[in-house]
Amino acid sequence: MATTQAPQVDLHSAQDTTPTLGENGSPQPEEQQVASETLYIQNLNEKVKIDVLKASLRGLFKSYGEVLDVVAHNNLRMRGQAFVSFASPEIAKKAMKEVRGFPLYSKPMQISFARTRSDAVVKRLDSTNLEQHTATRTEHKKRTRYSNPLKQKFKAKRMAAEMDGIAAAPAAKRPNVQMPDEYLPPNKILFLQNLPETVTKDQLMALFSQYPNLHEVRLIPTKKDIAFVEYMDEGSAGVAKDALHNYKLDGENKIKITFARK
């Protein structure tokens, strides 16, 4: 399934071109676009590392002419997008015509002309105006920070996704209220806690065999401070529990004894 692409944003010092867009923020048909030296590419595979992606784009497009610059970023707004700049609009047009739809890393590229010149193009073809170009770009970016249709589109998608996430969130479940161990109903198995970690099965057998009908003592290898003691009937287990609860097996720590949960 195709990944929804985030809208293009400013590229600051490296390049700040704008894709050729219609009124609704989507790319214009090729016949309505004004050719420029820079191509705006979308639907790139976001899983590919940026340096690998840039090298692949440069290798793919260099057969059409000198590639002045390739700009791509992995921030949220620029994922899956890139700009490729050439020395002339003619080279860019030929490259777009022949490469559009090419499945780079299994995803067909969507290509359109950028609406403004990149810094790399201005530096090569009109270097005397580079300072004015960057100043104009910076002012334009400030002026359109909140009115840029692409940024508005991105913001709307983000808000919609957040609302969908809220709507899809499951209702909070009421926590299960467990009865405290001390109030569990009687049964023939006792649950021992707060045992010394050095306690042995023989020690517990000797302690609990003082009371009749002892059946089994079970230690937990991965948790040495707990154990289970089973009697033949509930009555015998209850007698042992009442007699040994809070017994200091090592002379210091009191054993906590409750009926085991069924």
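This structure is a prediction, so every number in the text was calculated from the model and none was measured. (Residues numbered from 1 in each chain as written. Predicted model: local features only at pLDDT ≥ 70, side-chain atom pairs only at ≥ 80, totals over all residues. Heavy atoms only, no water.)

J.: An account of the sheet that holds strand β8 (residues 214-219) is needed here, citing residue identities and associated values.
T.: The strand order β8-β9-β7-β10 describes an open sheet built from four strands, whose pairing is antiparallel. Edge strands, defined here as strands with exactly one partner in the open sheet, are β8 and β10 (256-259). Neighbour-to-neighbour, the strand axes of the sheet open up by a mean angle of 20 degrees, direction not taken into account. Bridge count between strand β7 (residues 189-193) and β10: four bridges; the pairing is antiparallel. The residue of β10 that forms the bridge with Q193 is K256. Across the sheet, helix α6 (residues 201-208) is in contact with β7, β8, β9 (227-231) and β10; its angle to β8 comes to roughly 150 degrees. Packed on one face of the sheet, helix α7 (residues 234-244) meets β7, β9 and β10 and runs near 155 degrees to β10. (Pairing = 2+ DSSP bridges. Helix = DSSP H or I, 4+ residues; strand = E, 2+ residues; numbered from the N terminus. Axes fitted to C-alpha atoms, helices over the stretch in contact; angles between N-to-C directions. Contact = heavy atoms within 4.5 Å.)

J.: Which residues make up the sheet that holds strand β1 (residues 38-42), and what values go with them?
T.: A sheet is described by the order of its strands in space; here four strands give the open sequence β2-β3-β1-β6, paired in antiparallel fashion. In the strand order of this sheet, the two ends are held by β2 (67-71) and β6 (110-113), each with one partner. Taken pair by pair, the neighbouring strands of this sheet meet at an average axis angle of 20 degrees, ignoring direction. Here four bridges tie β1 to β6, and the two strands are oriented antiparallel to one another. The residue of β6 that forms the bridge with L39 is F113. Taken strand by strand, helix α1 (residues 50-61) contacts β1, β2, β3 (82-86) and β6, and its axis lies near 150 degrees from that of β2. Its contacts with the sheet put helix α2 (residues 89-99) on β1, β3 and β6, and the angle it makes with β6 is roughly 160 degrees.

J.: An account of the pairing of β3 is requested, with residue identities and associated values reported.
T.: The element β3 is extensively covered by neighbouring structure, given that five of its five residues are classed as buried. Both faces of β3 are covered, namely the face carrying A82, V84 and F86 and the face carrying F83 and S85. Here four bridges tie β1 to β3, and the two strands are oriented antiparallel to one another. Its bridge partner lying in β3, Y40 is registered against F83. Both β2 and β3 contribute to a ladder of four bridges, which runs antiparallel. What sits directly across from V67, in β3, is F86. (Buried < 20%, exposed > 50% of the residue type's maximum accessible area, 1.4 Å probe, protein only.)

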